[in-house]
Amino acid sequence: MRIIIVGGGNVGYYLVKTLMAERHHIMLIDSNRARCERIENAFGGAYVEVTHGDGTNAECLRDAGIYHAEALIAVTGQGQNNLVSCQLAKDYFGVKRTIARVKNPKNIRVFEQLGVDSVISSTARIAGSIDSELDWADVNQLLTRKATHVRVREALVNTHSPYNGKRLNEIGLPKGMIIVTVVRDGEAVIPDGETVLNADDNVVILGNDCDLPQVISNIRGERV
Amino acid sequence: MYIIIAGCGKIGANLVKTLSNDGHDVVVIDPNEESFAQLENGTNCLTITGMPIDEDVLKSAGIEHADALLAVTSDDNVNIMTAQIASQLYHVPHVVTRVYDPEKDEILQQMGLTTVCPTMLTVAKIGSLLNETEVS
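Below, the structure is looked at part by part. (Residues numbered from 1 in each chain as written. Chains lettered and ligands numbered in written order. Predicted model: local features only at pLDDT ≥ 70, side-chain atom pairs only at ≥ 80, totals over all residues. Heavy atoms only, no water.)

### Quick look at the overall build of chain B
- Helix and strand content of chain B: five helices and six strands.
- Starting at the N terminus and ending at the C terminus, chain B contains elements arranged as β-α-β-β-α-β-α-β-α-β-α.
- Taking 14 Å as the expected radius of gyration for a compact globule of 136 residues, we find that chain B reaches 16 Å, a close match to that expectation.
- Its C-alpha atoms give chain B principal-axis dimensions of roughly 50 × 35 × 25 Å.
- For chain B, the proportion of its 136 residues judged to be buried stands at 48%.
- Within chain B, counting contacts between residues at least 6 apart in sequence, those at least 24 apart form 46% of the total.
- Accessible surface computed for chain B: about 6800 Å², of which carbon and sulfur atoms make up 53%. (Helix = DSSP H or I, 4+ residues; strand = E, 2+ residues; numbered from the N terminus. Rg over C-alpha atoms; globule rule 2.2 N^0.38 Å. Buried < 20%, exposed > 50% of the residue type's maximum accessible area, 1.4 Å probe, protein only. Contact = heavy atoms within 4.5 Å. Areas by Shrake-Rupley, 256 points an atom, 1.4 Å probe, with all protein chains shown as cover.)

### Some points on the pairing of strand 7 (residues 150-156) of chain A
All names here are of chain A.
- The buried fraction of strand 7 amounts to five of the seven residues, a majority that puts the element mostly inside the structure.
- In terms of strand pairing, strand 7 meets strand 10 (residues 202-208) through seven bridges, oriented antiparallel. Bridge pairing in strand 10 places Leu 156 opposite Asn 202. (Pairing = 2+ DSSP bridges.)

### Considering the sheet that holds strand 6 (residues 114-116) of chain B
All names here are of chain B.
- Spatial ordering of the open sheet is given by 3-2-1-4-5-6, a layout of six strands whose pairing is parallel. Of all strands in the sheet, those with a lone pairing partner are strand 3 (46-49) and strand 6, marking the two edges. Geometrically, the sheet is characterised by an average inter-axis angle of 20° between neighbouring strands, direction not taken into account.
- Sheet analysis places strand 2 (residues 25-30) next to strand 3, joined by four bridges and oriented parallel. Bridge pairing in strand 3 places Ile 29 opposite Ile 48.
- Across the sheet, helix 3 (residues 76-89) lies against strand 1 (2-6), strand 4 (68-71) and strand 5 (94-98), angled at about 170° from strand 5, the strand it touches most. (Axes fitted to C-alpha atoms, helices over the stretch in contact; angles between N-to-C directions.)

### A look at the interface of chain B and chain A
- Counting from both sides, the interface comprises 22 residues of chain B and, opposite them, 25 residues of chain A.
- If you look at where chain B meets chain A, you find four salt bridges.
- A salt bridge links B:Glu55 to A:Arg109, with the nearest nitrogen and oxygen atoms 2.4 Å apart.
- Contributions of two or more residues to the side of chain B that touches chain A are made by helix 2 (55-60), helix 3 and helix 4 (102-110) of chain B. (Salt bridge = Lys/Arg side-chain N within 4 Å of Asp/Glu carboxyl O.)

### What to know about the packing of helix 4 (residues 79-92) of chain A against helix 4 of chain B
- As a packed pair, helix 4 of chain A and helix 4 of chain B sit with axes 11 Å apart at the nearest point and diverge in direction by 60°. What the angle tells us is that helix 4 of chain A and helix 4 of chain B run oblique. For the pair helix 4 of chain A and helix 4 of chain B, the crossing hand works out as left-handed. Contact with helix 4 of chain A, carried on its side by A:Val84, A:Leu88 and A:Tyr92, involves B:Glu103, B:Lys104, B:Ile107 and B:Gln110 of helix 4 of chain B and no other residues of that element. (Parallel < 35°, antiparallel > 145°, perpendicular 65-115°, else oblique. Left-handed = near helix turned anticlockwise from the far one by under 90°.)

### Re the nonpolar core
- Counting residues in hydrophobic clusters, the biggest one holds 53 residues, and the most contacted among them are A:Ile4, A:Ile66, A:Leu72, A:Phe111, B:Ile4, B:Ile63 and B:Leu69.
- Setting aside residues up to four positions removed in sequence, B:Ile63 forms contacts with B:Ile4, B:Leu58, B:Leu69, B:Ala86, B:Tyr90 and B:Val92.
- A:Val157, A:Val215, A:Ile216 and A:Ile219 belong to the second-largest nonpolar core, a separate cluster that totals 15 residues. (Core = buried A, V, L, I, M, F, W, Y, C linked by side-chain atoms within 4.5 Å.)

### As for the environment of B:Val57
- In this structure, B:Val57 sits in helix 2.
- The class for B:Val57 is buried, based on a relative accessible area of 1%.
- Through-space distance from the C-alpha of B:Val57 to that of B:Ile29 is 8.2 Å; in sequence the pair is 28 residues apart.
- Non-local contacts of B:Val57, meaning those with residues more than four positions away in its chain, are made with A:His160, B:Ile29, B:Ile48, B:Gly50 and B:Met51.

### Thoughts on the side chain of B:Asp30
Residues and elements named next belong to chain B.
- Structurally, Asp 30 can be placed in strand 2.
- There is no salt bridge for the buried Asp 30, and the closest opposite charge comes from Arg 98, which lies 9.0 Å off by N-O distance.
- Those residues within four positions of Asp 30 in sequence are excluded, and the remaining contacts are Gly 7, Cys 8, Gly 9, Ser 35, Phe 36, Ile 48, Thr 49 and Gly 50. (Lys, Arg positive; Asp, Glu negative; His and termini not counted.)

### Here we look at the pattern of salt bridges
Residues and elements named next belong to chain A.
- This model, assessed by the stated rule, comprises ten salt bridges over all chains.
- For the salt bridge of Asp 30 with Arg 35, the shortest nitrogen-to-oxygen distance reads 3.0 Å.
- Under the relative-accessibility criterion, Asp 30 is labelled buried at 5%.
- The class of Arg 35 is partly exposed, set by a relative accessible area of 33%.

### Here we look at the pairing of strand 2 (residues 25-30) of chain A
Residues and elements named next belong to chain A.
- Burial within strand 2 is extensive, with six of its six residues counted as buried.
- Side-chain alternation along strand 2 places His 25, Met 27 and Ile 29 on one buried face and Ile 26, Leu 28 and Asp 30 on a second face that is also buried.
- Across five bridges, strand 1 (residues 2-6) lies against strand 2 in parallel orientation. Looking across to strand 2, one finds that Arg 2 is bridged to His 25.
- Sheet topology note: the strand 2/strand 3 (residues 48-52) ladder contains five bridges and is parallel. Each bridged residue has a counterpart across the sheet, and for Met 27 the counterpart in strand 3 is Glu 49.
- Traced from strand 2 through helix 2 (residues 33-43) to strand 3, the parallel crossover comes out right-handed. (Right-handed = clockwise from strand over helix to strand, strands pointing away.)

Here's what the structure looks like:
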């Protein structure tokens, strides 16, 4: 299959590597020259062509060969750019299948409603697998039996959260409360005091039952 | 009218001024708080710091009962996404998108968006100024 990939960062790089091994013909677009060269040097050849340019620009998509593409996969770090690449591909160039990556899991629904065929969120996926591997209900039941007042909760850091952009040692969590892990861009970080919380981080937190609701609503940036 | 303006650059700030002077209720969204310094003192509007493509930010700006949304950030794709969230997900009656890229502008019009392309407006204006000087 002939596939256009927009975005040659880490996701794009490994996507090219994986898909070329399956004998797909890849046309990669990235606006950063260094990233283009990295992929050209590593994989350039009969199966991988690299175009330096803006993957949300119609002319650039034409140069890359979009008229021959059966699918477009947009995996830049910018959701809005991924959306526009997919919409141009589908609505204007008639590409059959479009796939977009979103960082913010809230955007999955938005992208689907705006016509992208498949939407991938690594954050939601990892958070989902944490959810399924560690059933909070079971953990909490266990905790209730062993130590009556301790619970595990998870919450997504909102842009408006007072914790957004702060280091953990700046936040001043109540005594006895600990952030167990921070899921960010598809990776679970085991934090320390220097770890900075950012919007869209998924935070798993362990602490005293009576302090948790306040901290959770702070993480979510809810006005109390 | 209740109007949301996404982007508080030169165009955004001037839209805020004009529209609030005309008696509209105006909310302006920008990810950088410093951008609001461009608003004139005493301008009557609400400011919200955040990314306009974030549905929660749009909700806090009152998108559910907005009469109009003007997407005028400096990033074409942010404008396009914001405008589509407003028109297709929240059915805001009047949505205008600013797009610099002329070809993208044409495509978006075909897709049914209402757009303004400063690039082509400038080109057209300069062209007509040249024609005027030729005539005189």
